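The residues making up each chain are set out below.
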Amino acid sequence: VYIRCLLSDSDLHPLVNSANLNFWRGNHNSGKFDFTDMTHPHLWYPNAREKKRNVFLHVGPTNSGKTHNALKRLEASSSGVYCGPLRLLAREVAERLNKASVPCNLTTGQEREEIEGAKHSSVTVEMADVTTEYQCAVIDEIQMVGCRTRGCSFTRALLGLCSDELHVCGDPAVVPIIQRLLEATDDVVTIQYYERLSPLVPLKSILLGLFQTSRQGIAW
């Protein structure tokens, strides 16, 4: 969509408040526009750049309540989307919202379940719709932005989701990366750290039965 707007010199340009976008326009109008330029990926999503998004980073260990709090906000919103790394997680969230009387569609690479009147969707991150406007969006396991094979999908969702609120959940180690990625977007970023709700307790005895049934090639 953005490239089509560049080629047509669309009136969309003034709506995107970015000095970088003006730089791109100047290059395009001078005949020097480079379609291989990958240095301004945040400008590929003009719908999101029209908003000043409120981005909330929920970071902490497993079983700390970070995703639960983000989903509570999603459940209370008038429209929204959950983007997860797994089909099972997407289905779990869709079922949770539907049970809470919040109609929610399910969209993955293999499944599509549409609920009449639904304004919420639960999707695998590759299926995220960056053209629809939402009140609230959630990206789960954002540390996968560093994954060599799937990181591009998490980056696309982070930069491209057009929502008033964007809740991003993951490991604390990813905070500097997310802050760097969002420097150019003019979003308002708030970081909330969580602690584990229950301690990890090691087993006092070895599960001998499991070892007795183990086979060569199995790692414990």
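Calculation criteria
Residues numbered from 1 in each chain as written. Predicted model: local features only at pLDDT ≥ 70, side-chain atom pairs only at ≥ 80, totals over all residues. Heavy atoms only, no water. UniProt positions renumbered as here; feature names shortened; annotations may be inferred. Salt bridge = Lys/Arg side-chain N within 4 Å of Asp/Glu carboxyl O. Helix = DSSP H or I, 4+ residues; strand = E, 2+ residues; numbered from the N terminus. Buried < 20%, exposed > 50% of the residue type's maximum accessible area, 1.4 Å probe, protein only.

- As recorded by an unreviewed UniProt entry, the protein chain carries the name RNA helicase and is attributed to Aegilops tauschii subsp. strangulata.
- Per UniProt, the comment on the protein chain under Subcellular location (unreviewed entry) is "Mitochondrion matrix".

**Observations concerning the pattern of salt bridges**
Here is step 1: A complete count under the given rule lists 12 salt bridges for this structure.
Here is step 2: Measuring nitrogen to oxygen at the nearest pair gives 2.9 Å for the salt bridge that ties arginine 73 to glutamate 165. In this pair, arginine 73 is assigned in helix H4 (residues 66-76) and glutamate 165 in strand E7 (residues 162-170), connecting sequence segments 92 residues apart.
Here is step 3: Judged by relative accessible area, arginine 73 falls into the partly exposed class, the value being 29%.
Here is step 4: Salt-bridge contacts for arginine 91 lead to glutamate 95; the nearest nitrogen and oxygen are separated by 3.9 Å. Of the two residues, arginine 91 and glutamate 95 are both situated in helix H5 (residues 87-99); the distance of 4 residues between them amounts to about one turn of the helix.
Here is step 5: Counted as one network, the salt bridges with shared partners bring together Arg87, Arg91, Glu95, Glu111 and Glu113.

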